[in-house]
Amino acid sequence: QAQLVESGGDLAQPGESLRLSCAASGVNLEDLAVGWFRQAPGKRREGVSCISPTPGRTAYRNSVKGRFTITRDNAKNTVYLAMNNLKPEDTAVYYCATDPTFGDCALDSDPYNHWGQGTQVTVSS
């Protein structure tokens, strides 16, 4: 049974950085598309970034381009989301998820069938 565990969420001030981790067991992340999503209170869940299986093409929503970076560590079976220059509007619960379908990853949550429990990111001065 696949299990995804997010960590790294915290309280940060605007302009600071955080790195989220998505550690997997029971599944090899190297073979799957992995996405990061977020949901703020009262808002719909939205795709933030994703990384495809090898060769690892990436995608980002416009509001995080140039600030967030998604990477894989296959040896640790973990996907990271480095978040720089955080803004209050980045405040949300962040989830990672896996998509078993072949091809480039998507920021649409429909193809993703395994989800972690989420980690809270709060950006506030």
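Preceding this paragraph is the structure being described.
What you see is a predicted model; the values in this text were computed from it and never measured.

Trainee: Break down the nonpolar core for me, citing the residues and quoting the values.
Mentor: Counting residues in hydrophobic clusters, the biggest one holds 25 residues, and the most contacted among them are Trp36, Phe68, Val79, Leu81, Met83 and Tyr94. For this core, the secondary structure elements donating two or more residues are strand 3 (18-25), strand 4 (33-39), strand 5 (46-51), strand 7 (68-73), strand 8 (78-83), strand 9 (92-99) and strand 11 (119-123). For this core, the leading source of residues is strand 3, giving four residues. In this structure, Phe68 is in contact with Arg38, Val48, Tyr60, Leu81, Ala82, Met83, Asn84, Leu86, Asp90 and Tyr94, ignoring residues within four places of it in sequence. With six residues, the next largest nonpolar core counts Ala33, Phe37, Cys50 and Cys105 among its residues.

Trainee: Describe the pairing of strand 8, naming the residues involved and giving the relevant values.
Mentor: When you tally the buried positions in strand 8, you get five out of six residues, the bulk of the element. Across six bridges, strand 3 lies against strand 8 in antiparallel orientation. Pairing of Cys22 across the sheet is with Val79, part of strand 8. Here strand 7 runs beside strand 8; their pairing, made up of six bridges, is antiparallel. Across the sheet, the residue bridging to Thr69 is Ala82, located in strand 8. Between strand 7 and strand 8, which pair antiparallel one after the other, the connecting turn spans four residues, and Asn77 there sits at a positive phi close to 50°.

Trainee: Can you break down the state of the cysteines residue by residue, with the values?
Mentor: In the structure shown here, the tally under the stated rule is two disulfides. For Cys22, the disulfide goes to Cys96, at an S-S distance of 2.1 Å. Looking down the S-S bond of the Cys22 and Cys96 bridge, the torsion is 70°, so its handedness is right-handed. With Cys22 in strand 3 and Cys96 in strand 9, this pair connects stretches of sequence that are 74 residues apart. In this pair, the class of Cys22 matches that of Cys96, namely buried.

What counts as what
- Residues numbered from 1 in each chain as written.
- Predicted model: local features only at pLDDT ≥ 70, side-chain atom pairs only at ≥ 80, totals over all residues.
- Heavy atoms only, no water.
- Core = buried A, V, L, I, M, F, W, Y, C linked by side-chain atoms within 4.5 Å.
- Buried < 20%, exposed > 50% of the residue type's maximum accessible area, 1.4 Å probe, protein only.
- Helix = DSSP H or I, 4+ residues; strand = E, 2+ residues; numbered from the N terminus.
- Contact = heavy atoms within 4.5 Å.
- Pairing = 2+ DSSP bridges.
- Disulfide = S-S within 2.5 Å.

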